[in-house]
Amino acid sequence: MKIKILTLFPNMFNEFIGESIIKRAKDKGIVEFEIIDFRLWSNDKHHHVDDTPCSGGAGMVLRPDILIPAIKDNSCSNTYKILMTPQGRLYKQNIAEELSKKDEIMIICGHYEGFDERIRDYVDDEISIGDYVLTGGELASMVLSDSIIRLLNDAIKKESHEDDSFQNGLLEYPQYTRPIEYDGKVVPSVLLNGNHKDIRRWRLKESLRKTLKRRPDLLTNRKYTKEELELLDEIKEEEDGEK
Ligand code: ADE
């Protein structure tokens, strides 16, 4: 199996791939690693990879015009591309088993506050290792790699794994940064009009929509505000309209 890791901090992987079972699996040719620094895809003088969020807010957002070309240039049709994010499906042993059957996986590690939402269209999967936020995806990518490699034939004795078995309670709304248009995909116009009331309401609504779709379990005992109930009605009407 080949594991490609896209990161801004390649040195973080030196110890991980140079020690213990992972090193042995590498030396035996069971797994091959390629650690790729996606800062190399930044053309500007200071090699910036992120920008401020469209419409304001705290932190920085990873730019699509850097990460998407880096993903494309380093993958082929049989590369299974995984984005490490707290908004992904919750990592479980059955997912490790599923991934251990792939020939080649690419793990994309974000850093700072988040990614431009459009990056999501260029990956096959999004995985979270738990309901907490790390400063970046690097440690999470190591958790994934480690749990996958130990399942590969001959990495460890078969018997050793034969018996193995978030602020306001909502997922974060979609984030965007420049460019406003990339690859035909545009930033939603509400984020560009500077109307903070509209933006706040849009964000709450999209947070609700994502949470409903991805983690309805988080909403089970939620005490909704009047505004949230209105937004849920709007979402329901929109979805009914799409059917
Ligand atoms: N990046 C930041 N937090 C994360 C998490 N919980 N799982 C995967 N990637 C992450």
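Each value, and the rule that gives it
Residues numbered from 1 in each chain as written. Predicted model: local features only at pLDDT ≥ 70, side-chain atom pairs only at ≥ 80, totals over all residues. Heavy atoms only, no water. Helix = DSSP H or I, 4+ residues; strand = E, 2+ residues; numbered from the N terminus. Rg over C-alpha atoms; globule rule 2.2 N^0.38 Å. Buried < 20%, exposed > 50% of the residue type's maximum accessible area, 1.4 Å probe, protein only. Areas by Shrake-Rupley, 256 points an atom, 1.4 Å probe, with all protein chains shown as cover. Lys, Arg positive; Asp, Glu negative; His and termini not counted. Charge placed at Lys NZ, Arg CZ, Asp CG, Glu CD. Pairing = 2+ DSSP bridges. Right-handed = clockwise from strand over helix to strand, strands pointing away. Near = heavy atom within 4 Å. Polar contact = N/O pair within 3.5 Å; in protein donor to acceptor, adjacent residues only side chain to side chain. Nonpolar A, V, L, I, M, F, W, Y, C, P; charged D, E, K, R; others polar. Domains from an automatic or database assignment. Contact = heavy atoms within 4.5 Å. Buried area = accessible area lost by both parts, 1.4 Å probe. Salt bridge = Lys/Arg side-chain N within 4 Å of Asp/Glu carboxyl O.

With respect to the overall build of the protein chain
Working step 1: For the protein chain, the helix and strand inventory stands at 8 helices and 10 strands.
Working step 2: Computed over the C-alpha atoms, the radius of gyration of the protein chain is 20 Å, within 12% of the 18 Å expected from 2.2 N^0.38 for a compact globule of 243 residues.
Working step 3: Expressed along its principal axes, the backbone C-alpha trace of the protein chain runs to roughly 60 × 50 × 30 Å.
Working step 4: Burial statistics for the protein chain: of 243 residues in total, 47% are counted as buried.
Working step 5: On the protein chain, roughly 13,100 Å² of surface is accessible, and the fraction owed to carbon and sulfur atoms is 49%.
Working step 6: Once the 37 positive and 46 negative side-chain charges of the protein chain are each reduced to a mean point, those two points are 1 Å apart.

Quick look at the pairing of strand E5 (residues 79–90)
Working step 1: Within E5, 9 of the 12 residues are buried, leaving the element largely enclosed by the surrounding structure.
Working step 2: Of the strand pairs in this sheet, E5 and strand E6 (residues 104–109) are connected by 6 bridges, and their pairing is parallel. Residue pairing across strands places Lys 81 opposite Met 106, the latter belonging to E6.
Working step 3: In the classification by handedness, the crossover that spans E5, the intervening helix H4 (residues 93–99) and the parallel E6 is right-handed.
Working step 4: As judged from the 5 bridges shared by E5 and strand E8 (residues 125–128), these two strands associate in the parallel manner. Its bridge partner lying in E8, Met 84 is registered against Ile 127.

Digging into the site of the ligand
Working step 1: Around the ligand sit Met 84, Thr 85, Pro 86, Ile 127, Ser 128, Ile 129, Gly 130, Tyr 132, Val 133, Leu 134, Gly 136 and Ala 140, and those are all the residues in its vicinity.
Working step 2: One of the backbone nitrogen or oxygen atoms of Tyr 132 is found 2.7 Å away from a nitrogen atom of the ligand.
Working step 3: Here Leu 134 contributes a backbone N or O atom positioned 2.9 Å from a nitrogen atom of the ligand.
Working step 4: Its free accessible area being 270 Å², the ligand has 96% of it covered by the protein chains.
Working step 5: Mapped by element, the contributors of at least two residues to the shell around the ligand are E5 and E8.
Working step 6: Element by element, the count of residues in the shell around the ligand is highest for E5, at 3 residues.
Working step 7: A class-by-class count of the residues in the shell around the ligand yields 8 nonpolar, 4 polar and no charged.

Section: the domain arrangement of the protein chain
Working step 1: Domain parsing of the protein chain yields domain 1 (2–158) and domain 2 (181–242).
Working step 2: Taken together, the contact between domain 1 and domain 2 spans 16 residues of the former and 15 residues of the latter.
Working step 3: Roughly 1,200 Å² of surface becomes buried between domain 1 and domain 2 when both sides are summed, with 45% attributable to carbon and sulfur atoms.
Working step 4: Joining domain 1 to domain 2, the criterion identifies 5 salt bridges.
Working step 5: Lys 185 is paired through a salt bridge with Asp 121; the nearest N and O atoms lie 3.1 Å apart.

Thoughts on unusual backbone geometry
Working step 1: In this model, Arg 178 is joined to Pro 179 through a cis peptide bond whose omega is -5°.
Working step 2: If you trace the backbone, Pro 179 turns up in the loop between helix H6 (158–162) and strand E9 (181–182).
Working step 3: Located in the positive-phi region is Ser 55, a residue other than glycine, with phi close to 75°.
Working step 4: Mapped onto the elements, Ser 55 comes out in the loop between strand E3 (50–51) and strand E4 (61–62).

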